[in-house]
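Okay, here's what each chain looks like letter by letter:
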Amino acid sequence: MRRRQETVVLGVTGVLLAFGVCEAVGRAGIVRRSYLPPASEVLARATELAGDHAFLTGVGATLRAWVLGLGLAFAIAVPLGLLLGSVPVAGAALRALVEFLRPLPSVALIPLVSLLLGSGTETEVALITYASVWPLLFNTVYGLGETDPLARETLRAFGFGRLAVLLRVDVPGTAPFIAAGLRISAATALILAVATEILSGFGEGLGTFIAQAQLATDGTRDVLAGVVWAGTLGVLVNWLLVRAERRLFPWTPEHRRVPRVRAAKRP
């Protein structure tokens, strides 16, 4: 608990320090305000956007595409990872294809997918799904490799079939790894959702707001305010997923609470 408090304090200190530096640079005129407005003005604009219905509608559109893409990636990657991890023949057969597709950057696929699907929500969801599949897939396969083999053999000795072993041992043992992959994929999906909207430049979404603001005269403040919103959403999503992991898997080493041992008083 003390280490967690120290981490929070250090994080807040870093944010305040960065805020102070940006404020000082903007106020001192070292950088033109059209390039870097003072941090207080950017924060005030970000707060003002919280009452803008059109902006909030765009944020909702981004989050909707993010949820759809992440959900599709989960539905594809977890069963496929369980298959590849539990059936060696399937893993060997698909390994070459997976290794070929995995290094392809999702951002580089934006023009191709836009050409095939248009520039609407379908393109955004497809790209988010593609980028989010890999962390979930590889974490699932890795989690299966870390499952206790003794538990598997025990169930098999009692006559349980492969499906029963998978549901009773492999899936619960792999669940913390899947949750970690979901957290990584959630951040990747949010980044890609905003990036896709920025490159498309029209429609609804947080990235569309940033793209349109950078074309306006003196729009740097709005661009940075949109970036603040994107960063805040990323921090909030990560915090919620970490909290969920701690509640669902408190026995894992990274979430286990070590009891403090008090020294005995000398008589």
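Here the structure is a predicted model, which is why all the values come from computation and not from measurement.

Enquirer: Mind showing me how you'd approach helix H2 (residues 39-49) here?
Expert: A turn of α-helix holds 3.6 residues, and therefore any two residues three or four places apart point the same way. Restricting attention to buried positions, one finds in H2 the residues Ala39, Val42, Arg45, Ala46 and Leu49. Seen along its axis, H2 keeps its buried residues to an arc of 125°; they face one direction. Among the structural elements, helix H1 (2-28), helix H3 (53-86), helix H9 (206-213) and helix H10 (220-248) are those in contact with the buried residues of H2.

Enquirer: What exactly am I supposed to notice about the side chain of Asp222 here?
Expert: Residue placement: Asp222 occurs in helix H10. Asp222 sits in the buried class, given a relative accessible area of 19%.

Enquirer: Where do I start with the packing of aromatic side chains in this structure?
Expert: Centre distance and the angle of the planes are the two values used to describe a pair of aromatic rings. Summed over all chains, the structure comprises 5 aromatic pairs. Taking the centre distance of 5.2 Å and the plane angle of 75° together, the rings of Phe55 and Trp229 count as edge-to-face. Taken together, the residues span a long stretch of sequence, with Phe55 in helix H3 and Trp229 in helix H10 at a distance of 174 residues. Of the two residues, Phe55 and Trp229, both sit in the buried class. Taken together, a centroid distance of 5.7 Å and an interplanar angle of 85° make the contact between Tyr130 and Trp134 edge-to-face.

Enquirer: Explain the pattern of salt bridges here, please?
Expert: What the rule picks out here adds up to 6 salt bridges. A salt bridge links Arg45 to Glu48, with the nearest nitrogen and oxygen atoms 3.1 Å apart. Residue Arg45 and its partner Glu48 are both found in helix H2; the two are separated by 3 residues, about one turn of the helix. Overall, the relative accessible area of 49% leaves Glu48 in the partly exposed class. Here Arg102 and Glu99 are joined by a salt bridge, their closest N and O atoms 2.9 Å apart. When salt bridges that share partners are traced, they join Arg45, Glu48 and Asp222 into one network.

Enquirer: Sorry if this is basic, but what is going on with the packing of helix H4 (residues 88-101) against helix H6 (residues 121-145) here?
Expert: When two helices pack together, their arrangement is given by the angle between the helix axes and by the axis-to-axis distance. Contact geometry for H4 and H6: axes closest at 11 Å, N-to-C directions at 130°. Compared by their axis directions, H4 and H6 come out oblique. As H4 runs across H6, the sense of the crossing is left-handed. Contacts between H4 and H6 involve Val98, Glu99 and Leu101 from the first element and Tyr130, Trp134, Leu137 and Phe138 from the second. Counted by class, the contact of H4 with H6 contains 6 nonpolar, no polar and 1 charged residues.

Enquirer: Help me out: how do you make sense of the environment of Ala75 in this one?
Expert: Locating Ala75 in the fold gives a position in helix H3. For Ala75, a relative accessible area of 47% translates into the label partly exposed. Put simply, Ala75 and Ala131 are 56 residues apart on the chain and 14 Å apart in space, counted from C-alpha to C-alpha.

Enquirer: So what exactly am I meant to see when it comes to the packing of H3 against H6 here?
Expert: Axis separation between H3 and H6 bottoms out at 6 Å; the angle between their running directions is 35°. Helix-helix and strand crossings are classified by hand; for H3 and H6 the assignment is right-handed. Residues of the contact of H3 with H6, tallied by class, amount to 20 nonpolar, 9 polar and 1 charged.

Enquirer: Even after reading the chapter, I still don't get the nonpolar core, so can you show me in this structure?
Expert: As a rule of thumb, soluble globular proteins bury nonpolar side chains together. In terms of nonpolar packing, the biggest core is built from 23 residues, with Leu49, Phe55, Val59, Trp66, Leu206 and Trp229 touching the most fellow members. Core analysis: the second largest hydrophobic core is formed by 15 residues, Ala90, Tyr130, Val133 and Ile178 among them.

Enquirer: Just to check I follow, could you spell out the environment of Ile210 for this structure?
Expert: Checked against the element boundaries, Ile210 lands in helix H9. With a relative accessible area of 6%, Ile210 lands in the buried category. For the pair Ile210 and Phe160, spaced 50 residues apart in sequence, the C-alpha to C-alpha distance is 56 Å. Beyond its immediate chain neighbours, meaning those up to four positions away, Ile210 contacts Val194, Ile198, Val223, Gly226 and Val227.

Cut-off values and rules
- Residues numbered from 1 in each chain as written.
- Predicted model: local features only at pLDDT ≥ 70, side-chain atom pairs only at ≥ 80, totals over all residues.
- Heavy atoms only, no water.
- Buried < 20%, exposed > 50% of the residue type's maximum accessible area, 1.4 Å probe, protein only.
- Helix = DSSP H or I, 4+ residues; strand = E, 2+ residues; numbered from the N terminus.
- Arc of directions from axis to C-beta.
- Contact = heavy atoms within 4.5 Å.
- Phe/Tyr/Trp six-rings, centres within 6.5 Å; stacked < 30°, edge-to-face > 60°.
- Salt bridge = Lys/Arg side-chain N within 4 Å of Asp/Glu carboxyl O.
- Axes fitted to C-alpha atoms, helices over the stretch in contact; angles between N-to-C directions.
- Parallel < 35°, antiparallel > 145°, perpendicular 65-115°, else oblique.
- Left-handed = near helix turned anticlockwise from the far one by under 90°.
- Nonpolar A, V, L, I, M, F, W, Y, C, P; charged D, E, K, R; others polar.
- Core = buried A, V, L, I, M, F, W, Y, C linked by side-chain atoms within 4.5 Å.

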